Amino acid sequence: MKIQYEEIRNYLTDIKNAVTNDQYRIEQNSRRQDNRNLFEQYVIDEAKAKEILLNLHVEDFSEIRNNEHKGYEHELLYVFGKDVTLLERFGDSEKEVSLYIKFNKLENRYVIVISFHEQKYPIKYLFK
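Predicted model, so just to flag it, every value in this text is computed and none were measured.

A. Representation of the side chain of Asp60 in the model. Note on placement: Asp60 falls in the loop between helix H3 (46-54) and strand S2 (61-66). Under the relative-accessibility criterion, Asp60 is labelled buried at 6%. A polar side-chain atom of Asp60 sits 3.2 Å from a polar atom in the side chain of Lys82. Each residue touching Asp60, except ones within four places of it in the same chain, is listed here: Asn55, Val79, Phe80, Gly81, Lys82, Tyr125 and Lys128.

Here you go:
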C-alpha cells in the first residue's frame, strides 16, 4: 500500500480535532501496562499528554497496521513516534523520551490512543 503525505496530513488533522474536542481517550486498561508505566515513571498529566498529541507532525508518522484483534481486523491503526522531554517522577532530571503512539480512529471520529508509551525498538519514519 502506497501511503501519501496528504493522506497522513488529513488523518492527523482528524486526530487533532478529536483531541481538541476531548473526543479521545488514552487506553490504560490492564492490557496496556506500557501506557500506564509512562504515567508512573514521568510527571505527565492529561494536559501534557494532550499537548504531545497536538504537536504530532506528518514527519512523525511511521506506518499503518491492521488491527490484529479478533473481530476488528477491518480497522487500520496508525503509528507515530515522537521525541519529547519529560520530567522523571522519581528524581529531579528531565529526560528525552522517544514515544510510540498508535491510534485507532473510529467511524464516529472518536479516537482511541491504543499505545502511548516509550518505544521498545527504534521506529522507521516514512517521511523523514
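B. The arrangement of the environment of Val79 in detail. As for its position among the elements, Val79 is in strand S3 (residues 76-87). Given the relative accessible area of 0%, Val79 is considered buried. Each C-alpha atom, one on Val79 and one on Lys16, is 15 Å from the other, the two residues being 63 residues apart in sequence. Contact partners of Val79, with chain neighbours within four places excluded, come to Asp60, Phe61, Ser62, Glu63, Arg65, Tyr100, Ile101 and Lys102.

C. Looking closely at the side chain of Glu75. As for its placement among the helices and strands, Glu75 is situated in the loop between S2 and S3. Although buried, Glu75 forms no salt bridge, and the nearest oppositely charged side chain, Arg32, lies 9.4 Å from it. A distance of 2.8 Å separates polar atoms of two side chains, one belonging to Glu75 and the other to Asn67. Reaching out from Glu75, the side chain makes a polar contact with the side chain of Asn104 at a distance of 2.8 Å. Setting aside chain neighbours within four positions, we find Glu75 in contact with Arg65, Asn66, Asn67, Asn104 and Leu106.

Cut-offs and rules
Residues numbered from 1 in each chain as written. Predicted model: local features only at pLDDT ≥ 70, side-chain atom pairs only at ≥ 80, totals over all residues. Heavy atoms only, no water. Helix = DSSP H or I, 4+ residues; strand = E, 2+ residues; numbered from the N terminus. Buried < 20%, exposed > 50% of the residue type's maximum accessible area, 1.4 Å probe, protein only. Polar contact = N/O pair within 3.5 Å; in protein donor to acceptor, adjacent residues only side chain to side chain. Contact = heavy atoms within 4.5 Å. Lys, Arg positive; Asp, Glu negative; His and termini not counted. Salt bridge = Lys/Arg side-chain N within 4 Å of Asp/Glu carboxyl O.

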